[in-house]
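Structural characterization, general
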Amino acid sequence: MSTAEKTFSKGLEGVIAAQTEMSFINGTEGILEYVGIAIGDLASKSSFEETVFLLWNKRLPTKPELEQFTADLRSHYTLCDEMVTQIKSCPIKAEPMHVIRSMISMCAMYDENPNENSVEAARHKSMRILAVAPAIVAAFDRHRRGLEIVKADPSLNFASNFLYMLNGEKPTDAMVRAFDICMITHADHGLNNSTFAARVVISTLSDLYSAMTAAIGSLRGPLHGGANEGVMKMLNKIDSVETAEAHVMGMIKNKERIMGFGHRVYKAKDPRASELMTLAKQLAEDTGNMDLYNKSHAIEKIMEREYASKGIYPNVDFYSATTYHCIGLKLDLFTPMFVLARIAGWAGHVIEQLEDNRLFRPTTDYIGPHNAPYTPIEKR
Ligand code: ACO
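Residues numbered from 1 in each chain as written. Predicted model: local features only at pLDDT ≥ 70, side-chain atom pairs only at ≥ 80, totals over all residues. Heavy atoms only, no water.

1. Side note on the overall build of the protein
The following threshold applies: Going along the chain from the N terminus, every DSSP run of H or I of four or more residues is numbered as a helix, and every run of E of two or more is numbered as a strand. Each radius of gyration reported is based on C-alpha atoms, and the globular scaling rule is 2.2 Å times the count of residues to the power 0.38. For each residue, the accessible area found with a 1.4 Å probe, counting protein chains only, is set against the maximum for its type, and the residue is called buried under 20%, exposed over 50%, and partly exposed in between. Working definition of accessibility: Shrake-Rupley area with a 1.4 Å probe, residue cover restricted to the visible protein chains. A residue counts as positive if it is Lys or Arg and as negative if it is Asp or Glu; His and the chain ends are not included. Here the site of a charge means NZ on Lys, CZ on Arg, CG on Asp, or CD on Glu.
Helices and strands together make up the secondary structure of the protein, namely 17 helices and 3 strands. A compact globule built from 380 residues would reach a C-alpha radius of gyration of about 21 Å, and the protein, at 22 Å, matches this within 12%. Referenced to the eigenvectors of the C-alpha coordinate spread, the extents of the protein come out at roughly 70 × 60 × 50 Å. Within the protein, buried positions represent 51% of all 380 residues. In the form shown here, the protein has an accessible surface area of approximately 18500 Å², with 52% of it arising from carbon and sulfur atoms. Treating the 41 positive side-chain charges of the protein as one cloud and the 46 negative ones as another, the clouds have centres 6 Å apart.

So, in structure tokens, the structure goes:
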């Protein structure tokens, strides 16, 4: 057996490829902590802004530190005129994920030193990207609906400002808090595929914008963050709780993957799914969407019966679909919501990579022929 065969792990399963001080996952017991704090505690007690400070500084802020951090973030909420013009030039049929990926890439062109990779510069750039990303999504959605773009309001927190820019009216406290919890629960998650993509790109000492762009491209895949849209599409195909059983069993029979279930690391229920299930139920009650919640819950029960023995449980994307629907978001904005939150994690990982960089360069196990003859083209 060659060395390559001995170390080959398809999909890099079980391979430790980086160290982090941000999130800890115990997939067997279904535990997730950010810097040692349980995700449930953060979801119920923290804010997205405080959580980002925690991830980027590896400790909770004092009150003045949080005020300063929040003020810095708010000072970068507003899109420059050139970016607004670029967003308005996007085809209205474009998918929001393609728009946000392209616009974050474009941010590099409005940065005087896009390639500056000191940790301090990376922190500053990360703050700007985190602050402006909601404005990009909201502006494009309003543009495609033929509505005036709403300017950011720096008196509002991250969650409230996004919903305000999207809908043109101040959201209720309940909606703001629900959205804030979504942002907290999606902020970071170890070396998931998109975070790995970001770390791989920055490890060449490329630039933060390229790393973020690669990460967004990764996230939109249906096996990763794009699954939340897949969940909603499945829910839309199921008429009622009564028909959920036949629909899901039909999918299983056809060997289709049930979106929102299964995870490379969790072999128990994803703790984020537990948080979002509680949130989805409350929101569904408040917004008259109990049918949707009940369908989701019925699917979870069917999947538990069919798949729990294989370690396949709901992941973060399953109840986020119901949650986002109840918040009033259109289906193709679900994955962009994941982007808004996960920028925090990608940025934190890029900074960790820059602090102790080594180029990522795995190897392949070559399984093709050797000493093959070169046949002239006229003889093939
Ligand atoms: N529905 C049905 N079967 C599944 C599912 C699912 N959702 N997930 C895994 N399986 C089955 C596979 O068919 C396979 O069965 P087999 O051994 O009989 O062939 C087995 O479980 C292992 O599947 P793998 O794809 O090898 O497992 P992996 O660890 O690579 O999968 C993944 C993780 C990609 C997330 C998978 O569970 C999946 O496709 N889920 C649906 C998509 C989804 O919800 N993605 C979001 C994940 S969370 C996130 O990224 C934010």
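2. Looking at helix 3 (residues 48-57)
With respect to burial, helix 3 is a largely interior element, 9 of its 10 residues being buried. Taken residue by residue, helix 3 has F48, E49, E50, T51, V52, F53, L54, L55 and W56 as its buried positions. With its phi angle positive at about 65°, K58 sits one or two positions after the end of helix 3.

3. Remarks on the domain arrangement of the protein
As a reminder of what qualifies: How far each domain reaches was decided by an automatic or database domain assignment. Note on contacts: a residue pair is in contact if any heavy atoms of the two residues lie within 4.5 Å. Once two parts are brought into contact, the accessible area they lose, counted with a 1.4 Å probe and summed over both, makes up the buried area. Whenever a nitrogen or oxygen atom comes within 3.5 Å of another N or O atom, the pair is scored as a polar contact, on the condition that within protein one atom can donate a hydrogen and the other can accept it, and that pairs from neighbouring residues in sequence are kept only if both atoms are in side chains.
Domain annotation of the protein identifies domain 1 (23-170 + 186-222 + 336-355) and domain 2 (227-327). Distance from the C-alpha centre of domain 1 to the C-alpha centre of domain 2: 26 Å. Taken together, the contact pairs 20 residues of domain 1 with 19 residues of domain 2. Summing both partners gives a buried area of about 1300 Å² for domain 1 against domain 2, and 64% of it is carried by carbon and sulfur. Ranking the residues of domain 1 by area buried against domain 2 places G27, H186 and H189 at the top, with a combined share of 32%. Joining domain 1 to domain 2, the criterion identifies 3 residue pairs in polar contact (both at pLDDT 80 or more).

4. Quick word on the site of the ligand
To keep it simple, the criterion reads: A single heavy atom is enough: if one lies within 4 Å of a molecule or strand, its residue is considered near that molecule or strand. Grid spacing is 1 Å over the protein atoms alone, the probe is 1.4 Å, and a cavity is where that probe fits but cannot get out, while a pocket is an open set with protein on both sides within 12 Å along at least five of seven lines and lining residues have an atom within 4 Å of a point. Placement in a cavity or pocket follows one criterion, namely that more than half of the molecule's atoms lie within 2 Å of its grid points. Under the grouping applied here, Gly and all other residues not named as nonpolar or charged are polar, the nonpolar ones being Ala, Val, Leu, Ile, Met, Phe, Trp, Tyr, Cys and Pro and the charged ones Asp, Glu, Lys and Arg.
For the ligand, the set of nearby residues contains 19 residues, the closest of which are H224, R257, I258, G260 and F261. Between a nitrogen atom of the ligand and a main-chain N or O atom of L223, the distance comes to 2.9 Å. Counting atoms within 2 Å of the grid points, the majority share of the ligand lands in the largest pocket. Of the residues belonging to the shell around the ligand, the class tally is 10 nonpolar, 5 polar and 4 charged.

5. With respect to the sheet that holds strand 2 (residues 31-34)
The criterion, for reference: Only strands that DSSP links by at least two bridges are regarded as paired with each other.
Read across the open sheet, the 3 strands follow the order 1-2-3; overall the sheet is antiparallel. Each edge of the open sheet carries a strand with a single partner, namely strand 1 (23-26) and strand 3 (37-38). Inspection of the sheet shows strand 2 paired to strand 3 by 2 bridges, in the antiparallel sense. Opposite Y34, over in strand 3, you have I37 as the bridge partner.

6. So, the pairing of strand 2
Burial along strand 2 is one-sided: L32 and Y34 are buried, while I31 and E33, pointing the other way, are not. The sheet contact formed by strand 1 and strand 2 spans 4 bridges and is antiparallel. Within strand 2, the residue paired with N26 across the bridge is I31. Taking the residues between adjacent antiparallel strands as the criterion, strand 1 and strand 2 are bridged by 4 residues, where G30 takes a positive phi near 70°. Here strand 2 folds back onto strand 3 in antiparallel fashion, the turn holding 2 residues, of which V35 has a positive phi close to 45°.

7. Description of the packing of helix 6 (residues 96-107) against helix 7 (residues 119-144)
To keep it simple, the criterion reads: All axes here are fitted lines through C-alpha atoms, helices being fitted over the stretch that makes contact, and every angle between N-to-C directions spans 0 to 180 degrees. These descriptions rest on fixed angle ranges, namely under 35 degrees for roughly parallel, over 145 for roughly antiparallel, 65 to 115 for roughly perpendicular, and the rest for oblique. Left-handed describes a crossing in which the near helix is turned anticlockwise from the far one by less than a right angle; the clockwise case is right-handed.
One can describe the packing of helix 6 onto helix 7 by two numbers: an axis separation of 10 Å at closest approach and a directional angle of 135°. The pairing of helix 6 with helix 7 is recorded here as oblique in orientation. Regarding helix 6 and helix 7, the two cross each other, and that crossing is right-handed. Contacts between helix 6 and helix 7 involve P96, V99, I100, M103, I104 and C107 from the former and I129, V132, A133, I136, V137, F140 and R144 from the latter. Classifying every residue of the contact of helix 6 with helix 7 by side-chain character gives 12 nonpolar, no polar and 1 charged.

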